[in-house]
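Next come the chains, spelled out residue by residue.
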Amino acid sequence: MATSSDLPPLNRQFVAHFGEMGSKWGINRTVGQIYALIFLSERALNADEIAELLEFSRSNVSMGLKELQAWRLVHLRHHPGDRREYFEAPSDVWEIFRVLAEERRRREIEPTLSMLRNALLESPTSDAERHAQERMREMHDLIDRLMKWFDDVQRLAPETAMKLMGMGATVTKVLTLKDRITGGAASKKKAAE
């Protein structure tokens, strides 16, 4: 019977870290550890193997796997002649990032944008509501712009997206230089006052 002591120390460290980070990411510790184990595995694992390696109950593993499937972070595989289900993580980390981002957007960002859109359709009846609605409009516009930018990035080939991310500091320098030349930063500052 395999146990967590059968995992190499580096793997155990990664699995433990993902368990601790799970609560910060909105999943429980068990689900984080299950995902980390599957992500690092060289082959697809079945629920019994996961339960043994992590020393979790089979029912906790089953619930965790269902949650990971709902998030589309693991794929179900079958082996010929074996009735058990095997699970593996996508091999491409960019694809994992995309799936996570899409799921977070669907579960967290879209409901917020929908609420903001509805609030902006309301007719304010007081100065306090007008002020609140203006603040909501600012939030809506920022989130909407970020989502449009994110959609553009999602359409890029992974190699192109990685190059774009690597250009972060360079783009900032170019925009700062442009603002100096055109006086863009000064006009923004005046508009804010």
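Preceding this paragraph is the structure being described.
Residues numbered from 1 in each chain as written. Predicted model: local features only at pLDDT ≥ 70, side-chain atom pairs only at ≥ 80, totals over all residues. Heavy atoms only, no water.

A. Layout of the overall build of the protein. A tally of regular secondary structure across the protein gives nine helices and three strands. Put simply, the protein runs from its N terminus to its C terminus through helices and strands in the order α-α-β-α-α-β-β-α-α-α-α-α. Relative to the globule expectation of 16 Å for 193 residues, the C-alpha radius of gyration of the protein, 23 Å, shows a markedly less compact shape. Taking all 193 residues of the protein together, the buried fraction comes to 30%. (Helix = DSSP H or I, 4+ residues; strand = E, 2+ residues; numbered from the N terminus. Rg over C-alpha atoms; globule rule 2.2 N^0.38 Å. Buried < 20%, exposed > 50% of the residue type's maximum accessible area, 1.4 Å probe, protein only.)

B. Main features of the nonpolar core. Core analysis: the largest hydrophobic core is formed by 27 residues, its most contacted members being Ile 34, Tyr 35, Leu 37, Ile 38, Ile 50, Val 61 and Leu 65. Broken down by secondary-structure element, the contributors of at least two residues to this core are helix H1 (9–22), helix H2 (29–40), helix H3 (47–54), helix H4 (58–70) and helix H5 (93–121). Sorting elements by how many residues they give to this core places H2 first, with six residues. Beyond its immediate chain neighbours, meaning those up to four positions away, Val 61 contacts Ile 34, Ala 47, Ile 50, Ala 51 and Phe 56. (Core = buried A, V, L, I, M, F, W, Y, C linked by side-chain atoms within 4.5 Å. Contact = heavy atoms within 4.5 Å.)

C. Quick look at the environment of Met 162. On the secondary structure map, Met 162 appears in helix H7 (residues 158–166). The class for Met 162 is exposed, based on a relative accessible area of 52%.

D. Region of the structure containing H5. Between its first and last C-alpha, H5 extends 40 Å over 29 residues, near the 42 Å set by a 1.5 Å rise per residue. Among all positions in H5, only Trp 94, Ile 96, Arg 98, Val 99, Ala 101, Glu 103, Arg 105, Leu 113, Leu 116, Ala 119 and Leu 120 are buried. Contacts from the buried residues of H5 go to H2, H4, helix H6 (127–154) and H7. The distance from a side-chain oxygen at the start of H5 to the backbone nitrogen of Trp 94 is 3.0 Å, and the residue carrying that oxygen is Asp 92. (Expected span 1.5 Å × (residues − 1). Polar contact = N/O pair within 3.5 Å; in protein donor to acceptor, adjacent residues only side chain to side chain.)

E. A look at a nonpolar patch on the surface. Taken together, the side chains of Leu 142, Leu 146, Trp 149, Leu 164, Met 167, Val 171 and Leu 175 present a nonpolar region at the surface, about 650 Å² in accessible area. Secondary structure elements with two or more residues in the nonpolar patch: H6 and helix H8 (168–182). In terms of residue count, H6 provides more of the nonpolar patch than any other element does, three residues in total. Topologically, Leu 142 is positioned in helix H6. (Patch = residues over 30% accessible without salt bridge, like charges linked within 9 Å, V, L, I, M, F, W, Y side chains within 5 Å. Areas by Shrake-Rupley, 256 points an atom, 1.4 Å probe, with all protein chains shown as cover. Salt bridge = Lys/Arg side-chain N within 4 Å of Asp/Glu carboxyl O.)

F. Quick peek at the sheet that holds strand S3 (residues 85–88). Spatial strand order, S1-S3-S2: three strands in an open sheet with antiparallel pairing. This sheet does not close on itself; its edge strands, each paired only once, are strand S1 (45–46) and strand S2 (75–78). Pairing geometry for S2 and S3, over four bridges, is antiparallel. Counterpart to Arg 77 in the pairing with S3 is Tyr 86. (Pairing = 2+ DSSP bridges.)

G. Main features of the pairing of S3. In this structure, S1 lies alongside S3, joined through two bridges in antiparallel fashion. When the sheet's bridge partners are listed, Asn 46 is paired in S3 with Tyr 86.

H. The arrangement of the packing of aromatic side chains in detail. Within this structure, the stated rule accounts for five aromatic pairs. Ring plane angle 70° and centroid distance 6.3 Å describe the contact between Phe 97 and Phe 150, whose orientation is recorded as edge-to-face. With Phe 97 in helix H5 and Phe 150 in helix H6, this pair connects stretches of sequence that are 53 residues apart. A relative accessible area of 40% places Phe 97 in the partly exposed class. (Phe/Tyr/Trp six-rings, centres within 6.5 Å; stacked < 30°, edge-to-face > 60°.)

Interpretation note: all reported values are geometric properties and have no functional meaning in isolation.
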